[in-house]
Amino acid sequence: MRALSDATAKGGTLVVYGALDVPETPFPLWTPPTMRMFTAFDLTMNPERLVRAGHFIRAGVRAGTFRPRVDRTFDLFDVAESHRYLEANGQFGKVVVTVG
């Protein structure tokens, strides 16, 4: 969090999406940017926001403006290798497993 805060421009906003780790994240009080936190629960636990998000996503898919970024594709026979690749945490985008 310190490195992200240091990289945020003065007066900028640090946007944090997700909560993948259990320990508390220390907030750097000596360089406090404006900080905004989002998690999937912000949408999934609010029925009205979930409906609005669904409309937004479907419209983007229909218009072709939302396209998945595929990092790598694996055949089903290489599914163990796909898991090793994911566990290495170096992907940028989705990892896809194809059948046939």
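Structure first, text after, so check above.
Residues numbered from 1 in each chain as written. Predicted model: local features only at pLDDT ≥ 70, side-chain atom pairs only at ≥ 80, totals over all residues. Heavy atoms only, no water.

Draft legend 1. Summary view of helix 3 (residues 47-63). Compared with an ideal rise of 1.5 Å per residue, which puts 17 residues at 24 Å, helix 3 spans 24 Å between its outermost C-alpha atoms and is within 8% of the ideal. Residues Ala 53, Gly 54 and Gly 60 constitute the buried set of helix 3. One side of helix 3 carries all its buried residues, which in axial view fall inside an arc of 135°. Residues of helix 3 that are exposed and point more than 90 degrees away from the buried face comprise Pro 47, Glu 48, Arg 52, Arg 62 and Ala 63. Buried residues belonging to helix 3 abut helix 2 (41-44). Taken from the residues just after helix 3, Gly 64 is the one with a positive phi, measuring 85°. (Helix = DSSP H or I, 4+ residues; strand = E, 2+ residues; numbered from the N terminus. Expected span 1.5 Å × (residues − 1). Buried < 20%, exposed > 50% of the residue type's maximum accessible area, 1.4 Å probe, protein only. Arc of directions from axis to C-beta. Contact = heavy atoms within 4.5 Å.)

Draft legend 2. Spotlight on the packing of aromatic side chains. Counted according to the given criterion, the structure contains two aromatic pairs. Both rings, one in Phe 56 and one in Phe 66, keep their centres 5.3 Å apart while their planes meet at 65°; by these two values the pair is edge-to-face. Residue Phe 56 is found in helix 3, and its partner Phe 66 is found in the loop between helix 3 and strand 3 (70-75); the two are separated by 10 residues along the sequence. One cation-aromatic arrangement involves Arg 72 over Tyr 85; the distance from NZ or CZ to the ring centre is 4.9 Å. (Phe/Tyr/Trp six-rings, centres within 6.5 Å; stacked < 30°, edge-to-face > 60°. Lys NZ or Arg CZ within 6 Å of the ring centre and 35° of its normal.)

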